[in-house]
Amino acid sequence: LINIGLLGLGTVGSGVYKIMKKNHENIKAKVGTKVEIKKILVRDKKKKRNLDINNKLITEDPAEIINNQEIDLIVELIGGENPAHKYIIEALKNKKSVVTANKLVIAKYGNEILNLAEKNGVQISYEGSVAGGIPIVRPLKESLAANRIKEITGILNGTTNYILTKMTEEKKEFADVLETAQNKGYAESDPSSDIDGLDAAYKICILSSLAFETLIDVKSIYVEGIRNISREDIEIADELGYVIKLIAIGKQGKDGLDIRVHPSFVPKNHPLALVNNVYNAVYIHGDAVGDVMSHGKGAGQMPTGSAVVADIIQAARNINYKNGNNYFVSARQDYKIKNIVEVKNKFYLRIKVNDKPGVMANLAKVLGDNKVSLASVLQKNRLKPVVPLVLVTHPVKEKYLNKSLEELKSLEDVIEISSKIRVEGDNE
Ligand SMILES: NC(=O)c1ccc[n+]([C@@H]2O[C@H](COP(=O)([O-])OP(=O)(O)OC[C@H]3O[C@@H](n4cnc5c(N)ncnc54)[C@H](OP(=O)(O)O)[C@@H]3O)[C@@H](O)[C@H]2O)c1
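Thresholds, definitions, all that
Residues numbered from 1 in each chain as written. Predicted model: local features only at pLDDT ≥ 70, side-chain atom pairs only at ≥ 80, totals over all residues. Heavy atoms only, no water. Helix = DSSP H or I, 4+ residues; strand = E, 2+ residues; numbered from the N terminus. Expected span 1.5 Å × (residues − 1). Buried < 20%, exposed > 50% of the residue type's maximum accessible area, 1.4 Å probe, protein only. Contact = heavy atoms within 4.5 Å. Salt bridge = Lys/Arg side-chain N within 4 Å of Asp/Glu carboxyl O. Phe/Tyr/Trp six-rings, centres within 6.5 Å; stacked < 30°, edge-to-face > 60°.

(A) Layout of unusual backbone geometry. With an omega of 10°, the peptide bond running from Asn82 to Pro83 counts as cis. In this structure, Pro83 sits in the loop between β4 (73–76) and α4 (84–93). For Glu213, which is not glycine, the phi dihedral falls at a positive 50°. Of note, Glu213 is situated in the loop between α10 (198–212) and β8 (222–223). Positive phi, normally seen in glycine, also occurs at Lys322, with a value near 45°. Here Lys322 shows up in the loop between α12 (301–320) and β13 (344–354).

(B) Layout of helix α1 (residues 11–22). Given a rise of 1.5 Å per residue, 12 residues ought to cover 16 Å, and the 17 Å separating the end C-alpha atoms of α1 matches this to within 8%. When α1 is considered as a whole, its buried residues turn out to be Gly13, Ser14, Gly15, Val16, Tyr17, Ile19 and Met20. In this fold, the buried residues of α1 make contact with β1 (2–7), α2 (24–31), β2 (35–41) and α12.

(C) Main features of the pattern of salt bridges. On inspection of all chains with the given rule, the structure shows 29 salt bridges. In this structure, the salt-bridge partner of Lys34 is Glu36, at a minimum N-O distance of 3.3 Å. Under the relative-accessibility criterion, Glu36 is labelled partly exposed at 32%. Salt bridges here are not isolated pairs; linked through shared partners, they connect Glu224, Glu398, Lys420 and Arg422.

(D) How the structure looks around the packing of aromatic side chains. Going through the model one piece at a time under the given rule, you end up with 3 aromatic pairs. A centroid spacing of 4.6 Å and a plane angle of 65° characterise the contact between Tyr162 and Tyr186, whose relative ring orientation is edge-to-face. In this pair, Tyr162 sits in helix α7 (residues 158–170) while Tyr186 sits in the loop between α8 (174–184) and α9 (192–195), placing the two residues 24 residues apart along the sequence. Given a relative accessible area of 4%, Tyr162 falls into the buried group. In this structure Tyr186 comes out as partly exposed when scored by relative accessible area, which is 40%. Here Phe265 and Tyr348 contribute two aromatic rings whose centre-to-centre distance is 4.2 Å and whose plane-to-plane angle is 25°, an arrangement assigned as stacked.

In structure tokens form, the structure reads like this:
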């Protein structure tokens, strides 16, 4: 018998409870012994729960779980930094294996936690922390272990992907779609972690650490969210053969790691362009396998529950068969994280100018003087005095582009640099 202590019985905790109950026979066969949820920690015992559950299982006292000799495996589904981090550390010190879906804690404290688990001869698993139900952590650690991973590109946040999809399909502005998403429960009442890109940054931090076997400080990741994406940019992207997606990137280059989260123009024929609504996808390039893509539900009660219960099954098997064979991917490599200004990309620019003869020539000169060359130029609404000029550059280091934009702002007929969006997936 393997006893589990569940910390948290919210969205994911309830999903885990349901799956464990429904599939208990199947899980028993896979683990080789019975697996039981012995105790569940919640914040408020009196809260009404839409679950068929024996109230005796529920407690508000963490010690009843973390210090309980009978409990072998702790499943942390509280979320947030504290007390989740503290409970994970205490559990590992008490030689209990831990399963968690907490991206914040793994991204920020992954190395400390992995080392502690290794030292105590127990397992730490976190499949649910990245891309919900999509298997990605274990594939990177195990199924793709033969490869040197060169690149990971992902759509790792369902809320922003839903918003951008609806802005595209319904031709609406960001604020209107955000409100609908909140009403439908696809966006939180405080959506900033999602829409400002931090959630995706935690996830690409975890995936890049695994893929490149290094320690990545989440603070070193360049993060830009989708608040400034306008309907106009989406429409122009469409005309030019692109869609706009919030993309998380981890790339290994000769001069360091390039890790970032930002909205991107993605060519319509790129596999990530077809990932819509709350779906997530991860696209990986390995030196042996080539390109691999996984696609599925990146959040939600049952998809995330699926990943968490899979981790429970594996950890429980290891406990049952006294298998200390836990594969730790430790930070063995030391890389420099590239500053975004050193990264080379194609850029889409939308610039508001006075429609006068010679304006384009002046603009092109400033860009050319700064090593920025243009792949295409599009001028909209030619009949008005002030027009949006759309430019797509060839790949250029961002610092050169930024310098040219500063100079452009001082030109008399440049009214505003309205948008600057990186183009991903068709770099020459
Ligand atoms: N929701 C998703 O789709 C999803 C997807 C992937 C990963 N995750 C991750 O899964 C984790 C759980 O998310 P969730 O959406 O299930 O959260 P949630 O619905 O807010 O549930 C949190 C649970 O933890 C309990 N709790 C909160 N603070 C506590 C404290 N100080 N002491 C004891 N118990 C406490 C709550 O108790 P009460 O029930 O009494 O309030 C609740 O049962 C997070 O790390 C999240 O990032 C979630």
